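Each chain, letter by letter, is given below.
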Amino acid sequence: MRSEEGRGAYSDNNSDTESITSDRSTFSGQLDAPIKKRPSKKSARFNLPTVEIPSTSENGGADDGSSYVEITLDIRDDSVAVHSVQAAGGEGHEDPELALLAKKTLESKSPSFRSYLFRNTSSQIKQVSQELKRLASFSRRPSAAGRFDRTKSAAAHALKGLKFITTKTGGGRGGWPAVEKRFDDLTASTNGLLSSSLFGECIGMNKESKEFSLELFRALARRHNIASDAINKSQLKDFWDQLSNESFDARLQTFLDMVDKDADGRITEEEVREIISLSASANKLSNIQKQAKEYAALIMEELDPDNAGYIMIYNLETLLLQAPNQSVRMGDSKVLSQLLSQKLKPTQLNNPISRWYEKIKYFLLDNWQRVWIMMLWIGILAGLFTYKFIQYKNKEVFEVMGYCVSIAKGGAETLKFNMALILLPVCRNTITWLRNQTKLGKAVPFDDNLNFHKVIAIAIAVGVALHAGAHLTCDFPRLLHATEEEYEPLEKYFGEEQPENYWWFVKGVAGVTGIIMVVLMAIAFTLATPWFRRNKLNLPKALKKLAGFNAFWYSHHLFVIVYTLLIVHGIYLYLTKTWYHKTTWMYLAVPILLYACERLIRAFRSSIKPVKILKVAVYPGNVLALYMSKPQGFKYKSGQYMFVNCAAVSPFEWHPFSITSAPGDDYLSVHIRTLGDWTRQLKTVFSEVCQPPPAGKSGLLRADGGNPSFPKILIDGPYGAPAQDYKKYDIVLLVGLGIGATPMISIVKDIINNMKTLSHDAAALESGLATPNNNRNKFKTQKAYFYWVTREQGSFDWFKGVMNEVAEMDEKGVIELHNYCTSVYEEGDARSALIAMLQSLHHAKNGVDVVSGTRVKSHFAKPNWRQVYKRIALQHPDARIGVFYCGAPALTKELRQLALDFSHKTITKFDFHKENF
């Protein structure tokens, strides 16, 4: 396509010329503007005089004649590219391979780059000519033609692809021992013969690549003239040597052998369809696999304009090489890496005291809010424990029970305080009000409320161990074995008759309530652990109900019984008889009252603010999207969440979900992924009232309008979350893993709405319909980087509309979208090579990405997060970047540590925030 435009841009009648003189050589040629050019770029094209290249004969001797190559350059304001190479005087015939191999773009930010470029054009042409001299005599060859070596060419960096063996599978020749061992294990019962069905497993490919590995086996077998469906170790070694060959041509030949099954140098549309289907299957791209026929037709349309019914091998080769390298990702620039490696060099401190000082300093700078809260809390606990310990040391019971009773009572005092305090972090309405309406958020880390809740729970477990342990193993045994004289002062506490065994203590009110409380708390604590809550344990079918979110939710509501028993337990104390010394109820009164009011507010608010279901959609990846009317007065910020209740599933359960709509939208929406019992049942009840979508609509099932059969939904909220603070930063980095993209989508929508508002206000000011108002819009976000990483291709359907809207209207590039599909193999892998080629071709022709189905081009595999931070640090020096993450905990540590590293080692500061549920 581009070469046709280039030829059409020239006119024989054009007499405009331009001469460029340097101290090395002189060039002259025609100057003309291309037909199609972008407004922001200026282009010129030079037909340079042919450069003489001494050709060589096939036997390697020098040819008496001289060969000439005509090279066409694209010159822009900041770059020069070798556009095409063709034989001089060859009737305008252009060799696409030579043009492709010569395509080397030189970029510079220096204003004097063009003059520098012109002074050095001669040497650049000579370098390219030397690389091309052996290729100049080749033209439109079949695949069986002699190979050529691109490893030294200017385009070598872009050609490091088509790797069948990666480092993850023990790639390279050094990986043969591992392959040999797997061969021995797999052929132990087959007399040393490896079946084709086991070939992929043997060389380290996963199960998803089984079909691809089978076709690879057949291609290698054809290349080595093997007709059998099984190979021995020697033949496997030959296969391995070819697959691990570092030469790009060897890898390219293997890939083309897979496509061209009959080795005739021609590829039919059916062969193209089959290899697309294989690649899509290996990369778990079901949508591409379903549309393989359509995409094959697209390739044939591009490469077979004459409708010959086939394309030549070199056509596919050219298209493969033209596919852009996916790692046009951040950080591939050598200048970028060098600059950051200098900035990120750790300071070498030989003095251990200095090293510890630096570590402590940075720790306090990064965590001072958490530190002072924890120090205050620990100080209170230490004070309460010490107070009770000394109090009972001075009592007469100390003479019999000793330090055991002091420890038991000190532990009990911390228990009462923590049992009261643990309710406050889950008073969400109170916390949301405090963070929105007060300045306390600057000193109190409200985002860590659930983490603090868990820390308090651990302290409660320690308090229970101290209190119950000291009683049962120390002071009660002492009391049982005390003499009559020793027991006499304690008769007013335990009665005239001295207890004879443990049963005396157990059967009392304090003993019964204490035991029941410990059992109930042990159940709640156990089912709240990640292994049970996230159902990570492989329990027998009969015990499956003991794991999952439902088990966690119901067991946590045992606290109602626990607090009732705790108050009773505090009344029937053995060693305290006066009511004003029984302080348990004093600790608990205010927190319990506050929490009770929170629950009443939820019930009241959800009942007076009914919502009407506007639309329901079921998407791939087990995601249910609910669009509902926004209750009057329901005000929220992007990044916040709300609780959802569905009586058709459970009238008691409320579950939190991030709001995916923006505050400026006239509706509310949530996207719910089925990860547990409740969400699975919710999807089921809504799926029953949905139908397959009409043409042009996304989703697997849909239902629009006010269907009276929709289950009733109640909502409660909104509640504060870390992501709502994104407006505090001019630059934000938003990271969502899978369904964790939901709060980030709301932020992206909010930025779009604010951009629309700003544009409308600017237009109104220009037309004189409005007056300047600084308070009209406090939108300050200058740049947003959104990285969405997901495993499944179908996930992109969830927010396709948002992605397309950003691509259409964000002319200033405020939002930078990066979609990553981790099921696709990384760049350079042969299994994703054709996908990359197809992606490039389809996006260039239709403006739609074949992976995501949106206008945003997708990346393959996982992001290099260090490179992401590097790029942002260089582009925004002296800035404070807000990093907001929602997703699996596994990535939290890496993103947080990178934020700390770059904050400490560069002049750009990164503030990391993570969503907690």
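Predicted, not measured: the structure shown is a model, and the values here were computed from it.

**Q** Just checking my understanding: could you explain the overall build of the chain for this structure?
**A** Across its full length, the chain carries 32 helices and 24 strands. Of the contacts formed within the chain by residues at least 6 apart in sequence, a portion of 70% connects residues at least 24 apart.

**Q** Looking at this structure, I do not really get the nonpolar core. What am I missing?
**A** Taken as a class, soluble globular proteins show a tendency for nonpolar side chains to be buried jointly. F199, L236, I276, I288, F786 and V851 are the most contacted members of the largest nonpolar core, which totals 89 residues. Composition of this core by domain shows at least three residues from each of domain 1 (162-259) and domain 2 (722-766 + 778-822 + 862-916). Discounting chain neighbours no more than four positions away, the residues touching I276 are I288, A292, Y295, A296, I299, L834 and L838. Residues V618, V644, C690 and I715 belong to the second largest nonpolar core, which totals 28 residues.

**Q** Any chance you could explain the packing of aromatic side chains here in plain terms?
**A** For any two aromatic rings, the description comes down to two numbers: the centre-to-centre distance and the angle of the planes. In the structure shown here, the tally under the stated rule is 27 aromatic pairs. Relative to Y719, the ring of F643 has its centre 5.5 Å away and its plane inclined at 90°; by these criteria the two rings are edge-to-face. Of the two residues, F643 sits in strand β14 (residues 641-646) while Y719 sits in strand β18 (residues 713-719), which places them 76 residues apart along the sequence. Given the relative accessible area of 4%, F643 is considered buried.

**Q** When you look at the pairing of strand β20 (residues 783-790) in this model, what are you seeing that I'm missing?
**A** In summary, the side chains of a regular strand alternate between the two faces of the sheet. Of all the eight residues making up β20, eight are buried; the element is thus mostly covered by neighbouring parts of the structure. In β20, alternate side chains face the same way, and those of K783, Y785, Y787 and V789 on one face and A784, F786, W788 and T790 on the other are all buried. In this structure, strand β19 (residues 731-737) lies alongside β20, joined through seven bridges in parallel fashion. Within the sheet, the bridge partner assigned to I731 lies in β20 and is K783.

**Q** So what exactly am I meant to see when it comes to the UniProt feature "transmembrane region" (unreviewed entry) in the chain here?
**A** Here the UniProt-annotated "transmembrane region" (unreviewed entry) positions come out as residues 371-390, 452-470, 502-532, 552-572, 584-601 and 731-748. Secondary structure within residues 552-572 divides into 86% helix and 0% strand; the distance between the first and last C-alpha atoms comes to 31 Å.

**Q** I would appreciate a short explanation of the sheet that holds β20 in the present structure.
**A** Hydrogen bonding along the main chain pairs the strands of a sheet, whether they run parallel or antiparallel. Overall, parallel pairing links the six strands, which are arranged β22-β21-β20-β19-β23-β24 in an open sheet. Single-partner strands in this sheet number two, and they are β22 (858-860) and β24 (909-914). Strand-to-strand, the axes of this sheet are offset by a mean angle of 20°, without reference to chain direction. Sheet contacts for helix α29 (residues 800-809): β20 and β21 (815-821); angle to β21, the most-contacted strand, approximately 140°. Lying over the sheet, helix α31 (residues 865-875) contacts β19, β20, β21, β23 (880-886) and β24, oriented at roughly 175° with respect to β20.

**Q** Would you take a moment to explain a negative patch on the surface for this structure?
**A** On the surface, a cluster of negative charge is made up of E484, E485, E486, E488, E491, E496, E497 and E500. Structurally, E496 can be placed in the loop between α20 (491-494) and α21 (502-506).

**Q** Where do I start with unusual backbone geometry in this structure?
**A** In terms of backbone geometry, most residues other than glycine have negative phi values and most peptide bonds are trans. For the peptide bond that leads from G717 to P718, omega is 0°, which places it in the cis range. Locating P718 in the fold gives a position in strand β18. Residue N622 is not a glycine yet carries a positive backbone phi of 60°. For N622, the position within the fold is in the loop between β12 (613-619) and β13 (623-629).

**Q** How do you make sense of the pattern of salt bridges when you look at a structure like this?
**A** Pairing between side chains becomes possible if they bear opposite charge and their charged atoms approach one another. Under the criterion given, the structure shown has 20 salt bridges. For D448, the salt bridge is made with R370, and the minimal N-O distance between the two is 2.6 Å. Of this pair, D448 sits in the loop between α17 (428-437) and α18 (449-480) while R370 sits in helix α14 (residues 352-393), and the two are 78 residues apart along the sequence. Between E808 and R855 there is a salt bridge whose closest N-O contact spans 3.5 Å.

**Q** Got a minute to help me understand the state of the cysteines in this structure?
**A** Here, disulfide denotes a covalent bond that connects the sulfur atoms of two cysteines. Under the defined criterion, the tally for this structure stands at one disulfide. With its sulfur 1.4 Å from that of its partner, C404 forms a disulfide with C474. Of this pair, C404 sits in helix α16 (residues 403-421) while C474 sits in helix α18; the two residues are 70 residues apart in sequence, bridging distant segments of the chain. The class for C404 is buried, based on a relative accessible area of 10%.

**Q** Would you explain the sheet that holds β14 in this entry?
**A** Pairing is antiparallel in the open sheet, where three strands are placed in the order β15-β14-β18. Edge positions in the sheet fall to β15 (655-658) and β18, since each of these pairs with one other strand and no more. The mean inter-strand angle of the sheet, taken between neighbouring strand axes irrespective of direction, is 30°. As judged from the five bridges shared by β14 and β18, these two strands associate in the antiparallel manner. When the sheet's bridge partners are listed, C646 is paired in β18 with I713.

**Q** Could you clarify how one ought to interpret the side chain of E413 in this entry?
**A** Considering the arrangement of structural elements, one finds E413 in helix α16. Relative accessible area serves as the criterion here: at 5%, E413 is assigned to the buried category. In this structure, E413 is in contact with L384, K388, T583 and Y587, ignoring residues within four places of it in sequence.

**Q** Is there a simple way to think about the pairing of β21 in this case?
**A** With respect to burial, β21 is a largely interior element, seven of its seven residues being buried. Side chains of β21 alternate between two faces, with I815, L817, N819 and C821 and E816, H818 and Y820 buried alike. Pairing analysis gives seven bridges linking β20 to β21, with the strands arranged parallel. Of the residues in β21, the one forming a bridge with Y787 is H818.

Cut-off values and rules
- Residues numbered from 1 in each chain as written.
- Predicted model: local features only at pLDDT ≥ 70, side-chain atom pairs only at ≥ 80, totals over all residues.
- Heavy atoms only, no water.
- Helix = DSSP H or I, 4+ residues; strand = E, 2+ residues; numbered from the N terminus.
- Contact = heavy atoms within 4.5 Å.
- Core = buried A, V, L, I, M, F, W, Y, C linked by side-chain atoms within 4.5 Å.
- Buried < 20%, exposed > 50% of the residue type's maximum accessible area, 1.4 Å probe, protein only.
- Domains from an automatic or database assignment.
- Phe/Tyr/Trp six-rings, centres within 6.5 Å; stacked < 30°, edge-to-face > 60°.
- Pairing = 2+ DSSP bridges.
- UniProt positions renumbered as here; feature names shortened; annotations may be inferred.
- Axes fitted to C-alpha atoms, helices over the stretch in contact; angles between N-to-C directions.
- Patch = residues over 30% accessible without salt bridge, like charges linked within 9 Å, V, L, I, M, F, W, Y side chains within 5 Å.
- Areas by Shrake-Rupley, 256 points an atom, 1.4 Å probe, with all protein chains shown as cover.
- Salt bridge = Lys/Arg side-chain N within 4 Å of Asp/Glu carboxyl O.
- Lys, Arg positive; Asp, Glu negative; His and termini not counted.
- Charge placed at Lys NZ, Arg CZ, Asp CG, Glu CD.
- Disulfide = S-S within 2.5 Å.

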